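Breakdown of the fold
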Amino acid sequence: MKNFKLHSVLIFWFALNNLSSLFSQSSKFSYQLILETKEEYNAIDPNSLVNPDNILELNEINSTTQLYPIFTLNNLSNGINTQLQIEADIRNYDFEKERTDFFFQELYTQFSSKDKHYWTIGKKRLDWGSGMIWNPTNFFIQKDPLRTQNRLEGLFMINYTYLLKNHAFHFYLFPEEKKEDCSLALKYDFSKNRIDAGFSLVEYKKYQQFGYEFSYGGDQFTAYSEGVVKNYTKSYQVNETGELIEPNSSKKKFRVELAAGGMILLNDHFTFSCEYRFREDYLNSKEIAFYKAQLPSYSVLFDPISMGQHTFFGSMEYKDIYGRGSVNVRTFYDPVSRQLLISPWGIISRNNFQIELSVLFYNHSFAIYDFQSSILISYFFKTKSDGYIHKIEKYQ
Amino acid sequence: MKPIVLFLFMLSPFLNHYKEVDYLELLDKSIYCEQANIRMEVYKDNKEMKFYEMEFYRLNEKMRMEFTAPATEKGRRMLNDHSSLWMYLPRTSKVMKLPFKQSFMGSDASNSDLMRMTFKKDYEITNASKKESNRIELELKAKDREVSYNKVLITFDTEKKVPVKQEMYSLSNKLIKTLLYDKVVSVDGEYIPSELTIHDELQSNSSTKLSYTNIKKKGNKPTEFFTLGSLKK
């Protein structure tokens, strides 16, 4: 199936490219090479209920190095643009034993006409959702709330988008090996007078999801919300008698998940952000008590940030206006499981590199770590932008 | 009584001229271009703190910028459709909505300074006075409180029909920012300043310089290019 997907993208690209080269005016390409290396020190809590005496055999020191080669190739002819986008990830890490993986984060061909019609085939990140930390509408890809800027892996999709002045219509097909595992999605977006709104419908295998997203932008603040009603879950649960329930093994009951938040500029330096998430398919206080009693055997359910139905996020950022640095204190609190996480985080950015320092302090009885600290260095190699690979005048 | 009548009589040709010429429209037109490359340099104590290079696109009140340098910012995009402002982050392929009064990429300009430049829609002329043979000073007042600066003083070159200097004041009549327009070039038979320096008067010893190259008065991007949907593509 992977080969089929790869071949599909390349065949689509070459077919479009050859067709359009008959009328070709120019092709251009750009590439970028990003090297990221992350060193982590984890202070493991020996008294953790989830991981007593480190039964999970976690390392105190972890190291990950990732190389992202990114290529973009564009061909423009008579208002028709074809684009090939490749983003690979070569990853070396030593969590259990040292290993190196290679995979494509993105590999897609996009064909657009008059900036109005877009056809896409290939592996591409799904850009749904208005939430800064959590995106309930983005049913396949969930970003890491502790590092929302991570480069995420795309999904194999066939997509058609039709853009109008204030409206956009999107149709998606997510092919799978078996016909019954394929997913379909429709999305409608609307933008006017500082308001953006969107509605989505997903047919995910044999399940359904109905979603909305909304955002408002003012002079000093922004506000947003997104949510879904869905009849599937990817979460383990604990039932009323304390038994562990696997995802989607119960009846197709519709459940709600939503997020709402905003950002306010306090002055030139300080910005306050906050977000709230509600997940009906997570644990209530009674189920948390069952869960705690069954640890460590129920550790599969563990989420370091929040296992309860309600989670709050708050962040205060200080930005050095003329420099390229910022310091941030992020806090996550789950009042159901009483999980509290405080994370000071700083970033220094220069023309070709970025350094991120972060510490995570956990303050709850079943945390795995007392704290975690990490340094992430990203190096951006010199790039090539918009180099012309050929220029053929029409019918020359 | 007579001197006043004489003074008004002497002034009347100029006042009539000021009413006849739509300076706000001229101002908007003089800084309007639909395509350009911009290099922005941010200085503090005469030292370059950072720079950005962007491709700039505009269609009436809508603007879009695509960052090409430095390498850490390559691929970042910004869009203003005059009512909302978004930033596209290539790492995550996501967009985030931005407040208009936030500093533009850590410079002396706010997002609205650079992404919402329409005098005719936001201001009215309350006074005009001749400074030199080819210079006049216009005093503009904001039409409503939603506009970032309550009062703007503009020195306008009547010969080349371009602004020379622009001072922006707060509601309490405090000078907030000064903009200096420089290096006037001719594009498609019209003059346009190709350099803009912004001084934030509330910050000491800082300035932001924007240099425009490859300026095109008329671009080829359709309305759909300036939409949120297109920004993600």
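Calculation notes
Residues numbered from 1 in each chain as written. Chains lettered and ligands numbered in written order. Predicted model: local features only at pLDDT ≥ 70, side-chain atom pairs only at ≥ 80, totals over all residues. Heavy atoms only, no water. Salt bridge = Lys/Arg side-chain N within 4 Å of Asp/Glu carboxyl O. Helix = DSSP H or I, 4+ residues; strand = E, 2+ residues; numbered from the N terminus. Buried < 20%, exposed > 50% of the residue type's maximum accessible area, 1.4 Å probe, protein only. Phe/Tyr/Trp six-rings, centres within 6.5 Å; stacked < 30°, edge-to-face > 60°. pLDDT = per-residue confidence, 0-100. Contact = heavy atoms within 4.5 Å. Buried area = accessible area lost by both parts, 1.4 Å probe. Polar contact = N/O pair within 3.5 Å; in protein donor to acceptor, adjacent residues only side chain to side chain.

Observations regarding the pattern of salt bridges
Taken as a whole and assessed by the stated rule, the structure comprises 28 salt bridges over all chains. For Arg125 of chain A, the salt bridge is made with Glu106 of chain A, and the minimal N-O distance between the two is 3.5 Å. Here Arg125 of chain A, found in the loop between β5 (117-124) and β6 (155-163), pairs with Glu106 of chain A, found in strand β4 (residues 99-113); they are 19 residues apart in sequence, far enough to count as distant. Accessibility classification places Arg125 of chain A together with Glu106 of chain A in one group, the buried group. Between Lys121 of chain B and Glu61 of chain B there is a salt bridge; the shortest N-O distance is 3.3 Å. Here Glu61 of chain B lies in the loop between β2 (47-59) and β3 (62-69) and Lys121 of chain B lies in helix α4 (residues 119-122), a separation of 60 residues in the sequence. On the accessibility criterion, Lys121 of chain B (46% relative accessible area) is partly exposed. Judged by relative accessible area, Glu61 of chain B falls into the partly exposed class, the value being 25%. By sharing partners, the salt bridges in this structure join Glu87, Glu106, Arg125 and Arg151 of chain A into a single network.

Concerning the packing of aromatic side chains
Two aromatic rings, taken as a pair, are described by how far apart their centres are and by the angle between their planes. Residue and element names in this part refer to chain A. Under the defined criterion, the tally for this structure stands at 28 aromatic pairs over all chains. With 6.0 Å between their ring centres and 50 degrees between their planes, Tyr207 and Tyr232 make a pair best called tilted. Highlighted residues: Tyr207 in strand β10 (residues 207-217) and Tyr232 in the loop between β11 (221-230) and β12 (237-238), separated in sequence by 25 residues. We note that Tyr207, like Tyr232, is buried. With a centroid separation of 4.9 Å and 75 degrees between ring planes, the pair formed by Tyr379 and Phe381 is classed as edge-to-face.

Concerning the confidence of the model for chain B
In this model, chain B carries a mean pLDDT of 87, and residues with pLDDT of at least 70 account for 90%. For this predicted complex, the interface confidence score (ipTM) comes to 0.85, while the overall pTM stands at 0.87.

As for the interface of chain A and chain B
Residue-level contacts link 65 residues of chain A with 48 residues of chain B. Buried area between chain A and chain B, both sides added, is near 4,400 Å², and the carbon and sulfur share of it is 49%. Counting the contacts that link chain A with chain B gives three salt bridges. Two residues, Lys97 of chain B and Asp196 of chain A, come together in a salt bridge whose shortest N-O distance is 2.8 Å. Counting every contact that joins chain A to chain B gives 26 residue pairs in polar contact (both at pLDDT 80 or more). The greatest single-element share of the side of chain A that touches chain B, amounting to four residues, is contributed by strand β1 (residues 26-44) of chain A.

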